[in-house]
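# Examining the three-dimensional arrangement
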Amino acid sequence: MAATIIGQGITIEGEVTSEDEVVVGGVVRGKLSIEGQLTIESEGVVEADIGAQSVSIGGSVTGNVTASERVDLLAGGRLVGDVKAARLTIADGASFKGNVDMDT
């Protein structure tokens with residue numbers, strides 16, 4: 001299936017759930033529960049707790065992130081919150097403040 005895209009200029013407040021890939025380029029406040037891949041683009045802002053299979057952060061996230069597989073904090077990405085995932089990568093130029101739990 002195609003990815004669900006929350007584009008620039010869109011703000012969602014509440015709980016977002018999806019069985020497929022989700023790409024955030026706008027603003028999401030509340031909670032994200034994604035069964036597939038979650039991508040936060042460079043202009044994306046998420047103020048929510050996140051649960052997903054894998055998470056790629058290029059924008060700004062404030063909230064706790066739980067991923068069954070991996071979390072990738074990309075260059076220019078910013079994460080303030082705790083991470084629970086089997087694998088975590090932090091690219092040069094990324095910003096992270098929080099705790100990491102890699103207990104699988």
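Everything below is about the structure printed above this text.
A brief look at the structure comes next. (Residues numbered from 1 in each chain as written. Predicted model: local features only at pLDDT ≥ 70, side-chain atom pairs only at ≥ 80, totals over all residues. Heavy atoms only, no water.)

## With respect to the side chain of Ser 18
Secondary-structure assignment places Ser 18 in strand S2 (residues 11-18). By relative accessible area, Ser 18 is classed as buried at 14%. A polar atom in the side chain of Ser 18 sits 3.0 Å from the backbone nitrogen of Asp 20. Residues contacting Ser 18, with those up to four places away along its chain left out, are Thr 4, Ser 33, Ile 34 and Glu 35. (Helix = DSSP H or I, 4+ residues; strand = E, 2+ residues; numbered from the N terminus. Buried < 20%, exposed > 50% of the residue type's maximum accessible area, 1.4 Å probe, protein only. Polar contact = N/O pair within 3.5 Å; in protein donor to acceptor, adjacent residues only side chain to side chain. Contact = heavy atoms within 4.5 Å.)

## Describing the side chain of Asp 72
Mapping Asp 72 onto the fold places it in strand S8 (residues 65-73). One polar contact links Asp 72 to Thr 89, side chain to side chain, over a distance of 2.4 Å.

## Some thoughts on the pattern of salt bridges
Two side chains of opposite charge can pair, provided their charged atoms sit close to one another. Overall, the coordinates contain three salt bridges when judged by the stated rule. For Arg 29, the salt bridge is made with Glu 47, and the minimal N-O distance between the two is 3.0 Å. Linking Arg 29 in strand S4 (residues 27-34) with Glu 47 in strand S6 (residues 45-57), this pair joins segments that are 18 residues apart in sequence. Residue classification places Arg 29 among the partly exposed residues on the basis of a relative accessible area of 33%. You can call Glu 47 partly exposed: its relative accessible area is 37%. Connected via shared salt-bridge partners are Glu 13, Arg 29 and Glu 47. (Salt bridge = Lys/Arg side-chain N within 4 Å of Asp/Glu carboxyl O.)

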